[in-house]
Amino acid sequence: MRWLLRLVIAAGLSAALVGWVTDWFHPVYGLAPLLGVLIFRIGYGSLASFQAGADHIPSGDPEPVDLAAERTVYWCQGCGAEALLLVRGTPMPPRHCGERMTERVEVPREA
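Residues numbered from 1 in each chain as written. Predicted model: local features only at pLDDT ≥ 70, side-chain atom pairs only at ≥ 80, totals over all residues. Heavy atoms only, no water.

Quick notes on the packing of aromatic side chains
Between two aromatic rings, the relevant description is the distance of the centres plus the angle of the planes.
Phase 1 of the analysis: In this structure the tally under the stated criterion is one aromatic pair.
Phase 2 of the analysis: Both rings, one in F40 and one in Y44, keep their centres 5.9 Å apart while their planes meet at 25 degrees; by these two values the pair is stacked. Of this pair, F40 and Y44 both sit in helix α2 (residues 28-48), four residues apart, roughly one helical turn.
Phase 3 of the analysis: F40 gets classed as partly exposed once you look at its relative accessible area, which sits at 35%.
Phase 4 of the analysis: Residue classification places Y44 among the exposed residues on the basis of a relative accessible area of 55%. (Phe/Tyr/Trp six-rings, centres within 6.5 Å; stacked < 30°, edge-to-face > 60°. Helix = DSSP H or I, 4+ residues; strand = E, 2+ residues; numbered from the N terminus. Buried < 20%, exposed > 50% of the residue type's maximum accessible area, 1.4 Å probe, protein only.)

This is how it looks when you write it as structure tokens:
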């Protein structure tokens with residue numbers, strides 16, 4: 001497959017050079033295969049990222065959190081939003097405003 005891409009690139013560059021030097025045709029027609037190769041490579045690279053699968057999804061059942069023992073709150077430093085943790089699915093904190101939220105564990109006072 002790589003040899004085919006190299007062949008198309010070489011043919012496109014040589015055709016663009018011949019078209020530019022001899023004025024037989026516009027060099028854009030020689031550069032069109034290169035643009036096609038570029039579009040193919042970007043599309044193939046984008047779709048190849050789907051082969052990774054769902055490794056980022058946590059496995060196993062989520063663990064319920066005992067709110068009487070501790071209260072876990074996530075806080076966004078960007079906008080100040082807070083999220084109360086009721087079920088822990090993964091040890092990673094959630095994202096908000098594009099950044100990871102700060103974890104804050106509160107222990108309730110005894111009355």
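Observations regarding helix α1 (residues 2-22)
Phase 1 of the analysis: End to end, α1 covers 30 Å across 21 residues, agreeing with the expected 30 Å (1.5 Å per residue, within 8%).
Phase 2 of the analysis: Buried residues of α1: L5, G12, A16 and G19, and no others. Along the axis of α1, the buried residues cluster in a sector spanning 70 degrees; they form a single face. Of the exposed residues in α1, those oriented more than 90 degrees away from the buried face are R2, W3, R6 and V21. (Expected span 1.5 Å × (residues − 1). Arc of directions from axis to C-beta.)

Brief notes about the environment of M92
Phase 1 of the analysis: The residue M92 is located in the loop between β4 (87-88) and β5 (95-96) in this model.
Phase 2 of the analysis: A relative accessible area of 45% places M92 in the partly exposed class.

Let's talk about the pairing of strand β2 (residues 71-75)
Phase 1 of the analysis: Relative to strand β7 (residues 102-106), β2 is paired through five bridges, and the arrangement is antiparallel. Each residue of the ladder has a partner; that of W75, found in β7, is T102.
Phase 2 of the analysis: Pairing of β2 with strand β3 (residues 82-84), which is carried by three bridges, proceeds in the antiparallel orientation. Bridging from a neighbouring strand, V73 pairs with L84 of β3.
Phase 3 of the analysis: Counted along the chain from β2 to the antiparallel partner β3, the turn is six residues long, and its residue G80 has a positive phi close to 90 degrees. (Pairing = 2+ DSSP bridges.)

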